[in-house]
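Reading the structure
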Amino acid sequence: MRSKKVRMMRGLNVPTCIVFIHGLFDGRLKAAGVDPETGVLNSAYVNGKLNLYHKYCIDMVEGLEEDIAGMCVEAETLLMELVSFPASTKESQAVRDEARRSAILLRLVQISEETGNMETNCRNELAATGFSLRERLCVYAHGALLKPVFNRYIPQIEYDWAFNSYHANHDEMKVRVSKILKEDNHV
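A brief structural summary. (Residues numbered from 1 in each chain as written. Predicted model: local features only at pLDDT ≥ 70, side-chain atom pairs only at ≥ 80, totals over all residues. Heavy atoms only, no water.)

1. Topic: the layout of surface pockets
A volume near 160 Å³ is recorded for the second largest pocket. Forming the boundary of the second largest pocket are Arg7, Met8, Met9, Arg10, Leu52, Lys55, Tyr56 and Asp59. Looking at the lining of the second largest pocket, its residues break down into four nonpolar, no polar and four charged. (1 Å grid on protein atoms, 1.4 Å probe; cavity = no way out; pocket = protein on both sides within 12 Å on 5 of 7 lines; lining within 4 Å. Points joined across faces, edges and corners; volume = space filled by probe spheres on them. Nonpolar A, V, L, I, M, F, W, Y, C, P; charged D, E, K, R; others polar.)

2. Points about the side chain of Thr115
Checked against the element boundaries, Thr115 lands in helix H3 (residues 91–145). Apart from the residues within four sequence positions on either side, Thr115 is in contact with Ile68, Met71 and Tyr166. (Helix = DSSP H or I, 4+ residues; strand = E, 2+ residues; numbered from the N terminus. Contact = heavy atoms within 4.5 Å.)

3. Describing a nonpolar patch on the surface
Together, Val14, Ile18, Ile21, Phe25 and Leu29 make up an exposed nonpolar region whose accessible area comes to about 480 Å². Its location among the elements puts Phe25 in helix H1 (residues 16–28). (Patch = residues over 30% accessible without salt bridge, like charges linked within 9 Å, V, L, I, M, F, W, Y side chains within 5 Å. Areas by Shrake-Rupley, 256 points an atom, 1.4 Å probe, with all protein chains shown as cover. Salt bridge = Lys/Arg side-chain N within 4 Å of Asp/Glu carboxyl O.)

4. What about the nonpolar core?
In summary, soluble globular proteins display a tendency toward joint burial of nonpolar side chains. Ranked by internal contacts, the top residues of the largest apolar core, which has 46 residues, are Tyr53, Leu108, Leu126, Leu137 and Phe163. Listed by contribution, the elements that provide at least two residues to this core are helix H2 (44–83), H3 and helix H4 (164–183). Per element, the largest residue contribution to this core is 16 residues, and it comes from H2. Ignoring sequence-local partners within four residues, the contact set of Leu137 consists of Tyr45, Val46, Lys49, Leu50, Ile154 and Ile157. (Core = buried A, V, L, I, M, F, W, Y, C linked by side-chain atoms within 4.5 Å. Buried < 20%, exposed > 50% of the residue type's maximum accessible area, 1.4 Å probe, protein only.)

5. Let's talk about the environment of Tyr153
Here Tyr153 is to be found in the loop between H3 and H4. For the pair Tyr153 and Asp171, spaced 18 residues apart in sequence, the C-alpha to C-alpha distance is 36 Å. Contact partners of Tyr153, with chain neighbours within four places excluded, come to Val34, Gly39, Val40, Leu41, Leu145, Lys147 and Pro148.

6. Section: the pattern of salt bridges
One side chain can pair with another of opposite charge once the charged atoms of both are near each other. Scanning all chains against the criterion turns up seven salt bridges. Arg107 serves as the salt-bridge partner of Glu74, at 2.8 Å between the closest nitrogen and oxygen. A residue pair is termed long-range when its members are at least 10 positions apart, and Glu74 in helix H2 and Arg107 in helix H3 qualify at 33 residues. With a relative accessible area of 21%, Arg107 lands in the partly exposed category. The salt bridge partner of Arg100 is Glu81, with a shortest N-O separation of 2.7 Å. Separated by 19 residues along the polypeptide, Arg100 in helix H3 and Glu81 in helix H2 bring together distant segments of the chain. Given a relative accessible area of 26%, Glu81 falls into the partly exposed group.

Rendered as structure tokens:
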């Protein structure tokens, strides 16, 4: 597993007064304005920040996939081992098999909880970064338009699209694990 390096989106550490002044200059030079068709603020700054946020979302989801890759491989191995338990006739073998089966199910529960927690943490971080970016864009828009900024002027900042490939890769395993755990009442 790679180190837990804190990832931050570029450009969020710029002081808000500089962002306001940037918006002020762009507004006076007519480099920023409200798009008449969509009704949202449009400028190179806004488009650049949105592109950086999209790249940040992709990097975060890829980092999440790298972090849980080992756990997914372990879960697949445990699922194959769980399915391959033979029906034993000896009592001592049956007791050992049942103990191993319980250990496998316990580890599958732990893996399921860990991956769920990591996914939730990633979603929370993307939401917090999106909120911070939205605040920056409001400051920029206030400088560019020199009037109160409403939510309708700021482009939508979403991150759910970034999890599409993640879900495509991992939903099958999650469903199989939850099905086995429900069958054995370990949920």
